[in-house]
Each structure stands twice: as structure tokens, then as C-alpha cells.
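# Commentary on secondary and tertiary structure
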Amino acid sequence: MPDNKIEIRPLEYGSDDYSQTLYLRHEVLRRPWGRSIAEDDLDHEAEDLLMGAFDGDKLVGLGTLVWLEGDTAQARYMAISEEYRYLGIGSEILSALESAARDAGRSKLILNAREKAIPFYEKHGYHLTGELKVPPFIPIPHAMMEKAL
Ligand SMILES: CC(C)(COP(=O)(O)OP(=O)(O)OC[C@H]1O[C@@H](n2cnc3c(N)ncnc32)[C@H](O)[C@@H]1OP(=O)(O)O)[C@@H](O)C(=O)NCCC(=O)NCCS
């Protein structure tokens, strides 16, 4: 449980904070399925928006935003450290990504949701646009969702 107020702020690609995102993503999104974050091609993240949740200097959650063509942005890598879940941190990160997309003139946010996270996104106004499918990078079903901003 957090002792301090959680700060939501953008972080810089390649920084020490960014290294913390690799560890958190590995632990939350890859290691439980025997995969490694090192298998992901993350070069594009120099151009992406990387939003972190910090308890002091410690990264406890993140989400990223990829700028797609046209009016669309894609949220990726939503991950909250296990002991910090269900405290509203994921919601705050998602809202910050939505605001940034809106400020950049985007009118649609899409994402590829893990089956278990679909209710979380539905609470935030996202709807399913595709069938559940198992993607190549992780052996659990995902479905595309979107929200008009
Ligand atoms: C999914 C995740 C990002 C949500 O973040 P969080 O900080 O725990 O979520 P919040 O506390 O902001 O939850 C907001 C609401 O969604 C609900 N919610 C959160 N996770 C949920 C889930 N897995 N299933 C159903 N509802 C969920 C909360 O109960 C809360 O509802 P309320 O407003 O009625 O109280 C986080 O649980 C996580 O990192 N999970 C593991 C990794 C993962 O699945 N990432 C998503 C990849 S697509």
C-alpha cells in the first residue's frame, strides 16, 4: 500500500525512470507467462508518450500512448504494480493519456485489452470492436476496444 501521495507524470525515454518501466512491464505483463519484455521492440517509444505513476521515486504504474496516423492514438502497456491495484491509479493514468490525446487533436483512442481487463476499460467508456484473439506476444486472449474522445 502506498504511504505517500501518488504522482502521475510523463517520463523520459531512456531515463532511469524509463528503466523502471522495463522492470515493471516485465514483472506484470511478461514474466508470469514465461516471456520477457526484452522481446518487445520498443524503439518507437522515443516518439511515444510515457505516463508513470510514482510513489516517491518508485514507479508503481504506467501506460503509454502511441501516435497513430490520422485522428487516432493507441494506449499500450497499462500496468499497475500488484500491491497498488484497485486504488484508482490505472484510472488516473488512462485519464492522463486521454487528455494528452485530446490536447493533440486526436478524436479516438484504441487499445488491445486483455480479457481480464475488459471490464476496467468498459468502466471508462471503451467498447469492444473486435473478437477475442490470442496475439503472438502473450498466450492470453485480447480484444480491440475503442473510445471517442
Ligand atoms: C487493469 C489495471 C491496469 C487496472 O488498474 P487499477 O489501478 O487496478 O484500476 P483502478 O483502481 O483505477 O480501477 C478503476 C475501476 O475499474 C475496476 N477494475 C480494475 N481492474 C479491474 C479488473 N481487472 N476487472 C474488473 N474491474 C476492474 C475497479 O474495481 C474500479 O471500479 P470502481 O470505479 O467501480 O471502483 C491493473 O489492474 C493491472 O495492471 N492489471 C494487470 C495488468 C493488465 O491486465 N493490464 C492491462 C493490459 S490491457
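Residues numbered from 1 in each chain as written. Predicted model: local features only at pLDDT ≥ 70, side-chain atom pairs only at ≥ 80, totals over all residues.

## Examining the overall build of the chain
Heads up, the rule is: Segments assigned H or I by DSSP are reported as helices when at least four residues long, segments assigned E as strands when at least two residues long, and all are numbered from the N terminus. Two things to know: the radius of gyration comes from C-alpha atoms, and the globule rule equals 2.2 Å times the number of residues to the power 0.38. Around each residue's C-beta, the other C-beta atoms within 10 Å are counted; 20 or more make the residue buried, 12 or fewer make it exposed, and counts in between make it partly exposed. All C-beta atoms are placed from the backbone. Residues are scored as being in contact if the C-beta atoms we place from backbone atoms lie within 7 Å.
Each helix and strand in the chain was counted, giving three helices and seven strands. Secondary structure elements in the chain, listed N-terminal to C-terminal, are β-α-β-β-β-α-β-α-β-β. In summary, the chain has a C-alpha radius of gyration of 15 Å against a globular reference of 15 Å for 149 residues, a match within 12%. Counting across all 149 residues of the chain, residues that qualify as buried make up 25%. In the chain, of all internal contacts separated by at least 6 residues, the share reaching a separation of at least 24 is 58%.

## Concerning the sheet that holds strand 1 (residues 6–10)
By definition, the strands of a sheet pair up through backbone hydrogen bonds, in either a parallel or an antiparallel sense. Applied cut-off: Only when DSSP finds a minimum of two bridges between them are two strands counted as paired. To obtain an axis, a line is fitted to C-alpha atoms, over the contacting stretch when the element is a helix, and the angle between two such axes runs from 0 to 180 degrees between their N-to-C directions.
The sheet built from seven strands is open, its strands ordered 1-2-3-4-5-7-6 with mixed pairing. The open sheet has two edge strands, strand 1 and strand 6 (127–128), and neither has a second partner. Note that strand 6 and strand 7 (residues 142–148) share two bridges and pair antiparallel. Each residue of the ladder has a partner; that of leucine 128, found in strand 7, is methionine 145. Packing against the sheet, helix 2 (residues 89–103) makes contact with strand 1, strand 2 (49–55), strand 3 (58–67), strand 4 (72–80) and strand 5 (108–114), and its axis sits at approximately 30 degrees to strand 3.

## Side note on the site of the ligand
Formally: Each residue gets a C-beta atom placed from its backbone. If that atom is within 6 Å of a molecule or strand, the residue is near it. Any residue outside Ala, Val, Leu, Ile, Met, Phe, Trp, Tyr, Cys, Pro, Asp, Glu, Lys and Arg is labelled polar, Gly included; the first ten of those are nonpolar and the last four are charged.
Close contacts around the ligand come from 19 residues, with Ile80, Arg85, Gly90, Ser91 and Pro119 the closest. Within the residue set of the shell around the ligand, elements represented by two or more residues are helix 1 (16–30), strand 4, helix 2, strand 5 and helix 3 (118–123). Among the residues forming the shell around the ligand, the class breakdown is twelve nonpolar, three polar and four charged.

## Brief notes about the environment of threonine 72
On the secondary structure map, threonine 72 appears in strand 4. Look at threonine 72 and you get partly exposed, because 16 C-beta atoms sit within 10 Å. Along the chain, threonine 72 and aspartate 103 lie 31 residues apart, while their C-alpha atoms are 12 Å from each other.

## What about the pairing of strand 3?
Counting buried residues along strand 3, seven of its ten residues qualify, which places the element largely inside the surrounding structure. In this structure, strand 2 lies alongside strand 3, joined through seven bridges in antiparallel fashion. In the sheet register, phenylalanine 54 faces strand 3, and the bridge partner there is leucine 59. Taken together, strand 2 and the strand that follows it, strand 3, pair antiparallel across an intervening segment of two residues, in which glycine 56 is found at a positive phi of about 65 degrees. Of the strand pairs in this sheet, strand 3 and strand 4 are connected by six bridges, and their pairing is antiparallel. Across the sheet, the residue bridging to glycine 61 is isoleucine 80, located in strand 4.

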